[in-house]
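Take a look at the letters that make up each chain.
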Amino acid sequence: MTLQQLEYIVALDKHRHFGKAATECNITQSTLSTMVKKLEEELDTTIFDRDSHPLRPTMAGERIIKQAHVVLYNAN
């Protein structure tokens, strides 16, 4: 898990859209998707429900995103 991955899930939660979050992070949509998927695999949980429109976090994802905010705040 990297700070960059945490920034990606925070941006994705903010925008609820892969394209918009990728633009904010200055990366491609496929890179964002890959990095989020790698984080989900590392944590062995699904962070975002990709079937909902707009995109939304799962219950576990909500807790992970809240903790990501804390970690990023403290890192800055």
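Trainee: I tried to follow helix H3 (residues 29-43) on my own but got confused; where do I start?
Mentor: Given 3.6 residues per helical turn, the α-helix brings residues three or four places apart onto the same face. Its 15 residues place the ends of H3 21 Å apart at the C-alpha level, agreeing with the 21 Å of an ideal helix rising 1.5 Å per residue. Listed as buried for H3 are Leu32, Val36, Leu39 and Glu40. Summarising the axial view, the buried residues of H3 lie within an arc of 100°, below the 170-degree limit, and thus occupy one face. On the buried face of H3, the contacting elements are helix H1 (3-15), helix H2 (18-25) and strand E1 (48-49). Backbone geometry just downstream of H3 places Asp44 in the positive-phi region, at approximately 55°.

Trainee: Explanation requested: the packing of H1 against helix H4 (residues 59-75) in the structure shown.
Mentor: A pair of packed helices is characterised by two quantities: the angle between their axes and the separation of those axes. Look at H1 against H4: their axes get within 9 Å of each other, and the N-to-C directions meet at 125°. The angle between H1 and H4 places the two elements in the oblique class. Every pair of crossing elements has a handedness; the one defined by H1 and H4 is left-handed. Facing Leu3, Leu6, Glu7, Ile9, Val10 and Asp13 of H1, the residues of H4 in contact are Ile64, Ile65, Ala68, His69, Val71, Leu72 and Ala75. Tallied by class, the residues present in the contact of H1 with H4 amount to 10 nonpolar, 1 polar and 2 charged.

Trainee: Is there a simple way to think about the packing of H1 against H2 in this case?
Mentor: Orientation of H1 relative to H2, taken along the N-to-C sense of each, is 130°, at an axis distance of 8 Å. Regarding the angle of H1 to H2, the classification is oblique. Between H1 and H2 the crossing geometry is right-handed. Packed against H1, whose contacting residues are Glu7, Tyr8, Ala11, Leu12, Lys14 and His15, the element H2 presents Phe18, Lys20, Ala21, Glu24 and Cys25 at the interface. A per-class count over the contact of H1 with H2 returns 6 nonpolar, 1 polar and 4 charged.

Trainee: I keep staring at the nonpolar core and nothing clicks. Help me out?
Mentor: As a rule of thumb, nonpolar side chains are buried together in soluble globular proteins. Counting residues in each nonpolar core, the largest one holds 20 residues, and the members touching the most others are Ile9, Leu12, Leu32, Val36, Ile47 and Phe48. Contributions of two or more residues to this core are made by H1, H2, H3 and H4. Counting residues per element, this core draws most heavily on H1, which supplies 6 residues. Not counting residues within four places of it along the chain, the set of residues in contact with Ile47 comprises Ile9, Leu39, Glu40, Pro57, Thr58, Gly61, Ile64 and Ile65.

Trainee: When you look at the pattern of salt bridges in this model, what are you seeing that I'm missing?
Mentor: One side chain can pair with another of opposite charge once the charged atoms of both are near each other. A full pass over the atoms with the stated rule returns 4 salt bridges. Asp13 is the salt-bridge partner of Arg16, the closest N and O atoms lying 3.0 Å from each other. The class of Arg16 is partly exposed, set by a relative accessible area of 31%. By relative accessible area, Asp13 is classed as buried at 19%. For Glu24, the salt bridge identified is with Lys14, shortest N-O distance 3.2 Å. With a gap of 10 residues between them, Glu24 in helix H2 and Lys14 in helix H1 connect regions that are remote in the sequence.

Definitions and cut-offs
- Residues numbered from 1 in each chain as written.
- Predicted model: local features only at pLDDT ≥ 70, side-chain atom pairs only at ≥ 80, totals over all residues.
- Heavy atoms only, no water.
- Helix = DSSP H or I, 4+ residues; strand = E, 2+ residues; numbered from the N terminus.
- Expected span 1.5 Å × (residues − 1).
- Buried < 20%, exposed > 50% of the residue type's maximum accessible area, 1.4 Å probe, protein only.
- Arc of directions from axis to C-beta.
- Contact = heavy atoms within 4.5 Å.
- Axes fitted to C-alpha atoms, helices over the stretch in contact; angles between N-to-C directions.
- Parallel < 35°, antiparallel > 145°, perpendicular 65-115°, else oblique.
- Left-handed = near helix turned anticlockwise from the far one by under 90°.
- Nonpolar A, V, L, I, M, F, W, Y, C, P; charged D, E, K, R; others polar.
- Core = buried A, V, L, I, M, F, W, Y, C linked by side-chain atoms within 4.5 Å.
- Salt bridge = Lys/Arg side-chain N within 4 Å of Asp/Glu carboxyl O.

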